[in-house]
Amino acid sequence: MKVSIFGLGYVGTVCAACLAERGHDVIGCDVSEAKVDLINSGRSPIIEKDVGELVAANVASGRLKASSSTEEAVMNSDLSLLCVGTPSRPNGSLDLSAVQAVSRQIGSSLSRKADYHSVVVRSTVLPGTLSDIVIPALQATASRKLGETFGVASNPEFMREGSAVADFNNPAKTVIGVDDEITRDRLLELYAGLPGRVVVTEPRLAELVKYTDNTWHALKVAFGNEIGNICKAAGVDSHELMEVFFADTKLNISNAYLLPGFAFGGSCLPKDVRAINAYAIQNDVEAPLLKSLLPSNKQQVERALDRLLSYGKRKIGFLGFSFKAGTDDLRESPYLELIERLVGKGCDIRIFDPNVSLAKLMGANKTYLMNAIPHVTQLMVPSLDEMVMHSDVVVATSRSPEYETVVDKMNADQTLLDMARLPNTNRFAGTYDGINW
């Protein structure tokens with residue numbers, strides 16, 4: 001393919017070198033004449049393992065060159081990768097001036113080009129950058145509308161400094177956020193043969209993937225360090241402890257617990273999070289991440305409460321209220337707390353939960369329930385039909401098989417607030433709302 005790359009910094013240079021090595025004809029474009037001259041002389045403008053050798057070899061072969069002319073780059077390529085910088089402003093927001101400027105420059109060149117051109121944002125940008133910055137800038141200077149002679153896409157990179165070439169050639173995933181078929185097919189061809197999963201999705205999701213990845217990485221670093229600080233106070237070798245932690249690939253090092261939904265609860269997580277925070281305080285260890293877990297969890301309950309009250313309907317039914325599916329454990333159930341708050345707001349609640357039988361509850365579980373909402377017996381109903389008939393709003397709390405028929409029993413005047421991502425909501429006739437989707 002014929003590819004132009006705008007921005008010959010870290011990401012742009014690595015992409016240019018690797019794509020040329022894969023057999024594509026690449027022209028790099030940058031406002032810095034020094035970077036352009038370095039590339040054209042076969043030298044890399046960045047220090048990165050293997051990049052210097054790749055630049056030298058592919059400049060020599062004629063597959064890689066550089067220019068400071070936007071028009072030359074656009075006219076001699078079918079697809080442009082935007083790899084310009086997106087630095088932080090003082091308030092933490094992104095400075096997208098370079099993205100906007102290069103989009104306007106590309107658009108100006110497109111006004112004189114008849115062939116269809118694909119503009120692909122490789123820079124790390126937030127959702128809405130394509131729709132709010134790139135597309136308006138391109139349309140303004142190209143004097144053409146999106147889809148006429150150009151298309152756009154989001155194609156985030158996942159390369160680490162120090163191993164960027166290896167990461168480019170062995171990606172865990174390739175993400176393409178695109179709405180037009182021509183640009184989609186060009187990107188699929190561009191990366192054809194690379195290992196890892198290829199995900200074709202909508203642009204806004206693609207724009208958010210890199211931030212989700214990096215925030216998770218930062219979270220893991222902070223978590224490991226705070227556990228390490230507690231280990232130091234406890235006289236425990238943190239690396240030995242974490243090796244034991246890593247051994248669980250079912251729950252710990254896995255996708256378990258990572259799907260967005262409602263708050264956690266039960267007899268273990270809240271109690272143990274409180275305990276480790278108390279232990280940290282007793283040992284004069286600062287653990288701001290661990291300390292934030294329970295307030296963050298509580299905020300999810302507040303969010304659900306606000307959402308339910310926003311409907312302006314008093315009659316609310318709950319499909320389950322134990323802290324998770326397949327159990328009758330009500331201890332610190334966030335649904336029980338939500339019900340209690342709604343009752344306090346004057347809502348008329350009904351609960352259907354076949355796993356919870358008041359006659360069978362005993363011990364700590366029964367004591368907790370009776371202390372939390374003593375009149376819960378008046379809220380529970382014996383059948384799904386009775387709960388649905390009572391309610392203007394139904395809250396689905398889990399994906400228990402017995403709850404899936406609720407969408408067929410509700411009518412067009414009812415609202416379903418889904419906390420569990422029920423699998424069959426596409427046939428629901430009423431108003432559907434997901435807690436996080």
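Position numbers for residues count from 1 along each chain, tracking the sequence in the order it is written. Restriction of local features to residues with pLDDT of at least 70 applies here, the model being predicted, together with a cutoff of 80 or more for giving and counting side-chain atom pairs; totals for whole chains, interfaces and linings are based on all residues. Just so you know, side-chain values use all the structure's heavy atoms and leave hydrogens and water out.

By the naming in an unreviewed UniProt entry, the protein goes by UDP-glucose 6-dehydrogenase and is assigned to Mesorhizobium salmacidum. UniProt positions are given in the numbering used here, feature names are shortened, and annotations may be inferred rather than shown by experiment. Under the UniProt heading Catalytic activity (unreviewed entry), the note attached to the protein is "UDP-alpha-D-glucose + 2 NAD(+) + H2O = UDP-alpha-D-glucuronate + 2 NADH + 3 H(+)". What UniProt states about the protein under its Sequence similarities (unreviewed entry) heading is, verbatim, "Belongs to the UDP-glucose/GDP-mannose dehydrogenase family."

Asker: What is the right way to look at the packing of helix α12 (residues 288-310) against helix α13 (residues 334-344) in this model?
Answerer: For any two helices packed against each other, the geometry comes down to the angle between their axes and how far apart the axes lie. Lines are fitted to the C-alpha atoms to define the axes, a helix being fitted only along its stretch in contact, and any angle between axes, read from their N-to-C directions, falls within 0 to 180 degrees. Per the convention used, a helix needs a DSSP run of H or I reaching at least four residues, while a strand needs a run of E reaching at least two, with both numbered from the N terminus. Taken N-terminus to C-terminus, the directions of α12 and α13 make an angle of 45 degrees; their axes are 10 Å apart at the nearest point. Relative to α13, α12 is oriented oblique. For the crossing formed where α12 meets α13, the hand is right-handed. Only Pro334, Glu337, Leu338, Arg341 and Leu342 of α13 make contact with α12, whose side of the interface consists of Lys298, Val301, Glu302, Ala304, Leu305, Leu308 and Leu309. In this classification, Asp, Glu, Lys and Arg are treated as charged, Ala, Val, Leu, Ile, Met, Phe, Trp, Tyr, Cys and Pro as nonpolar, and every other residue, Gly included, as polar. Considering only residue class, the contact of α12 with α13 consists of eight nonpolar, no polar and four charged. Just so you know how the angles are binned, under 35 degrees is roughly parallel, over 145 roughly antiparallel, 65 to 115 roughly perpendicular, and the rest oblique. Should the near helix be turned counterclockwise from the far one by less than a right angle, the crossing is left-handed, whereas a clockwise turn marks it as right-handed. By definition in these notes, contact holds between two residues if any of their heavy atoms fall within 4.5 Å.

Asker: Looking at this model, I keep getting lost on the environment of Gly266. Mind explaining?
Answerer: Turning to its location among the elements, Gly266 is positioned in the loop between α10 (238-246) and α11 (269-282). A relative accessible area of 1% means that Gly266 is categorised as buried. Sequence spacing of Gly266 and Asp329 is 63 residues, and the spatial spacing of their C-alpha atoms is 6.8 Å. Among all residues touching Gly266, those that are not within four sequence positions of it are Phe323, Arg331, Glu332 and Ser333. Whether a residue is buried, partly exposed or exposed follows from its accessible area with a 1.4 Å probe, protein chains only, as a fraction of its type maximum: under 20%, in between, or over 50%, in that order.

Asker: Quick question: what am I supposed to make of the sheet that holds strand β6 (residues 150-154) here?
Answerer: Strand pairing in a sheet relies on backbone hydrogen bonds. The paired strands run either parallel or antiparallel. The sheet built from eight strands is open, its strands ordered β3-β2-β1-β4-β5-β6-β7-β8 with mixed pairing. Single-partner strands in this sheet number two, and they are β3 (64-67) and β8 (197-201). The mean inter-strand angle of the sheet, taken between neighbouring strand axes irrespective of direction, is 25 degrees. Pairing between strands is defined by DSSP: at least two bridges between the two strands are required.

Asker: How should the sheet that holds strand β12 (residues 415-418) be read in this particular structure?
Answerer: Taken together, five strands build an open sheet; the order of strands is β10-β9-β11-β12-β13 and the sheet is parallel. At either end of the open sheet lies a strand with only one pairing partner, and these are β10 (348-352) and β13 (431-434). Each strand of the sheet is rotated relative to its neighbour by a mean of 20 degrees, with strand direction disregarded. Relative to β10, strand β9 (residues 315-319) runs parallel, the two sharing five bridges.

Asker: How do you make sense of the pairing of β8 when you look at a structure like this?
Answerer: For a regular strand, side chains alternate in direction, first toward one face of the sheet and then toward the other. In terms of strand pairing, strand β7 (residues 173-178) meets β8 through five bridges, oriented parallel. Along β8, the bridge assignment pairs Val175 with Val199. With the strands pointing away from the viewer, any crossover whose connection runs clockwise from the first strand over the helix to the second is right-handed. With helix α8 (residues 181-190) bridging β7 and the parallel β8, this β-α-β connection has right-handed handedness.

Asker: When you look at the packing of helix α9 (residues 203-234) against α11 in this model, what are you seeing that I'm missing?
Answerer: Where α9 meets α11, the axes come as close as 10 Å, and the angle between the chain directions of the two elements is 60 degrees. The orientation of α9 relative to α11 falls into the category oblique. Both α9 and α11 take part in a crossing whose hand is left-handed. On α11, the residues that touch Ile227, Ile230, Ala233 and Ala234 of α9 are Ile276, Tyr279 and Ala280.

Asker: Looking at this structure, I do not really get the side chain of Arg186. What am I missing?
Answerer: Here Arg186 lies in helix α8. His is not counted, nor are the chain ends, whereas Lys and Arg count as positive and Asp and Glu as negative. For salt bridges, the criterion is a side-chain nitrogen of Lys or Arg within 4 Å of an Asp or Glu carboxyl oxygen. This buried residue, Arg186, is left without a salt bridge; Asp78 holds the nearest opposite charge, at 4.7 Å. Setting aside its immediate chain neighbours within four residues, Arg186 contacts Met1, Asp78, Leu79, Tyr116, His117 and Ser118.

Asker: Please explain the environment of Phe246 as it appears in this structure.
Answerer: Its location among the elements puts Phe246 in helix α10. Look at Phe246 and you get partly exposed, because its relative accessible area is 39%. Sequence separation between Phe246 and Leu338 is 92 residues; the distance between their C-alpha atoms is 34 Å.

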